[in-house]
Every structure is written in C-alpha cells, then in structure tokens.
Amino acid sequence: MKLSYINKAMVAVVLMAATLLTSCLGKLDLEPIDPNDKTTIDTEEEFFQYLVKLYAGLANTGQGGNAGGDLGGGDEGATQYWRVFWNAQEFPTDEVVNTWTDEGAPQMSFMTWSANNPFVLGLYNRIYYQISATNEFLRQAKNAPASYEDLPAWKAEARFLRAYSYWHALDFFGNKVPFVTEEDPIGKFFPNPAGTQERGEELFMFIEKELKEIVGDGESQEEVLPAAKTAWLGRADKGAAYMVLAKLYLNHAVYLGGEVEGYYQAGRNYLNKMIAEGGYSLYTQGGSDNGYASSAYQRLFMADNERTHQEAIFMIMSDGLNMTHWGGTTYMIAAATGGEMDAAEMGIGSGWAGNRTTKTMVENFDADNAGDRAIFATEEEGQSLEIDAYEQFTQGYGVKKWKNVKQNGEDGENNDGVFCATNIPVFRLADAYLMLAEFDLRISGAVTATSQGLVNQVRARSNAKAHNGSWNYDFLLEERNRELYWEGHRRTDLIRFGKFTQGMSWPFKGGSKEGTDVANHFALYPIPAADLGANPNLTQNQGY
C-alpha cells in the first residue's frame, strides 16, 4: 500500500471559516466566528475544506493555534479534543496522578468531581462542538449538486466523526445527553435528551445504526466509507468504523445496563472482518537508526510514527510547526516531563511537570509480563515509586512512552522545542487482538487458541514472555494496562471489568492517600451544571 496521509499543515490551516458553537449550554445554534464569514458551502472544494476542518476538530483547538479557539474563553490549550478526552479517561485511574492544583484538576485525580468541575465542562463542550460541526456539514450536504461525486463518501466520513463523538458522549455522560442531528434546524432551541434513562438504548442504537450504514451493512449503500486500510492515514475508512462498532458492542452491557444476546458475537465478527479485509499487521521493526536505538513498541509513539502505519487503524495527526497548541501530544509529552528528567531525551525544550503514574500500575509490569513496554523514569532520574504528596511531581514514576523524537534520534519538527509532531494512534491492531480474546471469554468463558496466539504475538513484539497461565478477566485487564497504558482506554476498561469504583484502589482515589472505593455513580460524569441550568429538557445523572 502506498503510504499517504493527511497533509498535517492542511489540517492546521483550513481555508474555509468554520462554524462556531457559541454555546453548548442549552442550545445548539451555530453562528460564524466572524459575522463577515461565509455561512454556506457553495462548491465541492469548500465541502472538502470543511471536511478537513472536521478532522482538524480532533487535532486543533481552532483556526489560529493559540490565538482564539473554537470554544472561546479560558485556557484554549486545555480545550483540545484529545487533551480533554485523555484527562477524563486517565486522571481518575491508576495510570495517572496529576500534579497541578488548577481548579478541578485534583478532583479529577481524586474521583471527587462535581457538576461544576471545569474539566468536565471542557470535555462536554468539545464533544458537542464537534457534533455540531458535523451536523452542519451534513445539513448543507443535503442540498449539494449530484455532480459532487466525492460528496457521498465525505458524508460517510462526517457521519463517522459524529458517531465517534456521540460514542464519547455515551461513554462519559450516558444516555441522557442532548441529541441533535442534521435534521434539526439551525436556531435557538432546547435539545431533548437522547433518552430518559442514563443507561438506555436510544443513543447506543443511533450510533450503531450510523456505523453499520457507513460500512455498508445498512439499507442504503450511497454513503459508505472506503475499504479498510485504504484511506489516507488520519482519515476514516471501514476499519475505523469496524473498531468503534466493536468497542460499542464490547461495552454494551455498561451502556445498556445489561447484556444483550448476540452483541458480543457481533463485536467479534466486526473485528474479524476488519482484520481480514484490512491487511493490518503488528509493527515489529525495532533497532538502531543513525546510532539511536528504540524498540518496535517505543516507535509506535515517536515523532515519525506514521512509519508504523501497518498497525494503525485510526490516527489523529500532529504537526509541531503548524499545529501550535497546548493539547495533543504536546500536552502528552511536556506534561509528562519534569523534575530531573531530561527534556531533550523527550524531544522538547522543557517540561511542564504535570502527569506521572502510580505504584499500582508500575507493579503490574513484572519481569515476565513487561518486556520493553515499561518505559518509565525511575529513581535513577529522581522519581520515587511512592507518592505521599500528589502535588510533588518527583513522587511517582515518570512515563516516557510518548516522545517527540524520530527513529533516527532527531527531534520531531517543532517550533524551538515547544510543540510536538507525534501522531496519536487512536486505534491500533494490538488493541483489536486483546479485544478478540476478551470477546471469546465473554461469549464462551474460554479464550480460543487462535486468540491466545494473537495476544502472545503482541507480547512477543515487546519481548515479554508468552503467557501460559490462566486466561481470565484479571489477566486480560492487566494485559490491556501493560500494552495500552496512557492511550486513553483505562477508565472505560476498568468500568467494563467492574474495577473502577469498587474493588480496586490506587493512590488518592476517593481523596485518600492510600486510595479507597468510591460511590458507583462516578462511573458516569455529571451533565455540567451550566447546561442543566440553561436547558430545562435535561436532567442530572444519579448521585450528582
């Protein structure tokens, strides 16, 4: 396959003015950033420019770097999609303790947040800005000339991006979130919730229907994504949609409040279809380039990780020259660097001393299971294993998994060591292999020999020993932690395995230094208080 991907500068500098969600709070009316900007899409070229803007919504904070973001107000860098998503997935788990005392940050690590937490509001607003932007693209596409031959495929991409964001809304906030599509008019109105129960079927079924249609499993065959592994890297194809469908089915018992017969099998079927059609393979090419040694696993998270595309199912592209904001992998790398850690080793000028990991996670990386996946800053670099004070960055091992360094040892393209060029592998094949083993266990109570072999391929890639012990839920959860840590999966995984609120502790969970169980309602975030106050159609999730 010819390697091609979204031109990163193209994502960063979109020619067409984007529509702005002036307030996610109570109404989803779209207004232009500037009253003199266009509010209609008039040519096929402009539709493509708008599509690029939709992808840029996952990567950028707005049209001008840190010079006024899509959402407006506050710290623009803190509103970037991956940053707010990652914080919500990782802060309240054993994978991260955050140092900062900014309003709302300690509560995210402690699992003591409220409906007024600014981190929760930032996540909610970013998700709904993206949904609103995709709705507007699809709304305007309804009246486009039939001569725009590429538009049906572009509409499928926009529908994927909307389903991806609605899946995040479902996962983080539940089924009672506001629900709007392109069929709703532009204007000031109060959206109704998707459903009346926080664990219910309405939003789940919409996401399922959208994804099945755009992979060709629906009644209409007009708006269908390209075949798996054929889209530009950074754009969605059937492989990306298969993966979200599989995630939806794997977590369905959480989202719906109980298991549905056939859903685990459906998820496994989509994963098998993705693997069979896509020709994906694990990236195994570690070694020394220009005297710089790095493992195959490390290279998945380095500044030229587009070279590992054979394993990537969907990526968010980054560019340290043009995409100059404080989110994405700039945040991932800089916030993980501090104390006596060498910023130059990470490919940056200086660190922010924000995020590190807990003893609970580190102890999961024993000699038989770690291989070369335990990429930590330890006592030799001034980091202690024990954490007595969360606000002390040097307490807790640092994580050096993500780097702004290329395979040849050169820094990724950046502005004076500030912004990072490392792409984000949102979904990759190793995750799919681990999911297949879990589907097996949930369907039949045993992991097939085929799935065991695939998981051991993942382990072998990182020089971990083949697993010959029990293939149970505890092992699969621990293995997902070892392979996928700091990639934005942990909270969802812990909830699915029943280990998020109860039965597992880590430092500062529940506000205790040793960690303690918390109330079950923390498995969902609250609907932000500001949106509840503005929209009388919404009701709060239980416990808030």
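Rules and cut-offs
Residues numbered from 1 in each chain as written. Predicted model: local features only at pLDDT ≥ 70, side-chain atom pairs only at ≥ 80, totals over all residues. Heavy atoms only, no water. Salt bridge = Lys/Arg side-chain N within 4 Å of Asp/Glu carboxyl O. Helix = DSSP H or I, 4+ residues; strand = E, 2+ residues; numbered from the N terminus. 1 Å grid on protein atoms, 1.4 Å probe; cavity = no way out; pocket = protein on both sides within 12 Å on 5 of 7 lines; lining within 4 Å. Points joined across faces, edges and corners; volume = space filled by probe spheres on them. Nonpolar A, V, L, I, M, F, W, Y, C, P; charged D, E, K, R; others polar. Buried < 20%, exposed > 50% of the residue type's maximum accessible area, 1.4 Å probe, protein only. Contact = heavy atoms within 4.5 Å. Polar contact = N/O pair within 3.5 Å; in protein donor to acceptor, adjacent residues only side chain to side chain. Core = buried A, V, L, I, M, F, W, Y, C linked by side-chain atoms within 4.5 Å. Phe/Tyr/Trp six-rings, centres within 6.5 Å; stacked < 30°, edge-to-face > 60°. Lys NZ or Arg CZ within 6 Å of the ring centre and 35° of its normal.

(A) Representation of the pattern of salt bridges in the model. Following the criterion strictly, the structure yields 41 salt bridges and no others. With a shortest N-O distance of 2.5 Å, R162 and E182 are connected by a salt bridge. With R162 in helix α6 (residues 151–173) and E182 in the loop between α6 and α7 (202–214), this residue pair connects regions lying 20 residues apart in the sequence. In this structure, the salt-bridge partner of D171 is R491, at a minimum N-O distance of 2.7 Å.

(B) Structural detail: the layout of surface pockets. Each pocket or cavity is described by its volume, and for the second largest pocket that value is around 150 Å³. Lining the second largest pocket we find K359, T360, L385, E386, I387, D388, W506, P507, K513 and E514. For the lining of the second largest pocket, the per-class residue count stands at four nonpolar, one polar and five charged.

(C) Structural detail: the environment of A253. The residue A253 is located in helix α9 (residues 252–256) in this model. Accessibility expressed as a relative area gives 22% for A253, which makes it partly exposed. Residues contacting A253, with those up to four places away along its chain left out, are G258, E259 and Y264.

(D) Structural detail: the side chain of R159. Its location among the elements puts R159 in helix α6. Judged by its relative accessible area of 9%, R159 falls in the buried class. Within the local environment of R159, its side chain forms a polar contact with the side chain of E213, the two groups lying 2.4 Å apart. If we skip the residues at most four places from it in the chain, R159 touches L138, E210, E213, I214 and E223.

(E) How the structure looks around the nonpolar core. Ranked by internal contacts, the top residues of the largest apolar core, which has 146 residues, are F137, F160, F173, I207 and F314. Apart from residues lying up to four places away in sequence, F160 is in contact with L211, I214, L225, A236, A240, A241, V244 and F314.

(F) Representation of the side chain of E381 in the model. Following the sequence through the fold, E381 ends up in the loop between β8 (376–377) and β9 (398–399). In this structure E381 comes out as buried when scored by relative accessible area, which is 18%. One polar contact links E381 to K400, side chain to side chain, over a distance of 3.0 Å.

(G) Examining empty space enclosed by the protein more closely. Inspection of the entire model under this criterion finds ten cavities of 30 Å³ or more. The space that makes up the largest cavity amounts to roughly 160 Å³. Around the largest cavity, the lining comprises 19 residues; the ones closest to its centre are Q89, W167, K247, G488 and H489. Contributing elements (two or more residues each) for the lining of the largest cavity: α3 (81–90), α6, α8 (238–250), β10 (424–428) and α18 (490–496). The element contributing the most residues to the lining of the largest cavity is α6, with four residues. Broken down by class, the residue content of the lining of the largest cavity amounts to seven nonpolar, six polar and six charged.

(H) Local environment of the packing of aromatic side chains. A full pass over the atoms with the stated rule returns 49 aromatic pairs. Summarising the aromatic geometry, the rings of F173 and Y525 are spaced 6.3 Å apart at their centres and angled 50 degrees between planes, so their arrangement reads as tilted. Residue F173 is located in helix α6, and its partner Y525 is located in the loop between α18 and α19 (529–534); the two are separated by 352 residues in the primary sequence. Of the residues examined, F173 reaches a relative accessible area of 0% and is grouped as buried. We classify Y525 as buried; its relative accessible area is 1%. A cation sits over an aromatic face here: R442 above F497, 5.1 Å from the ring centre.

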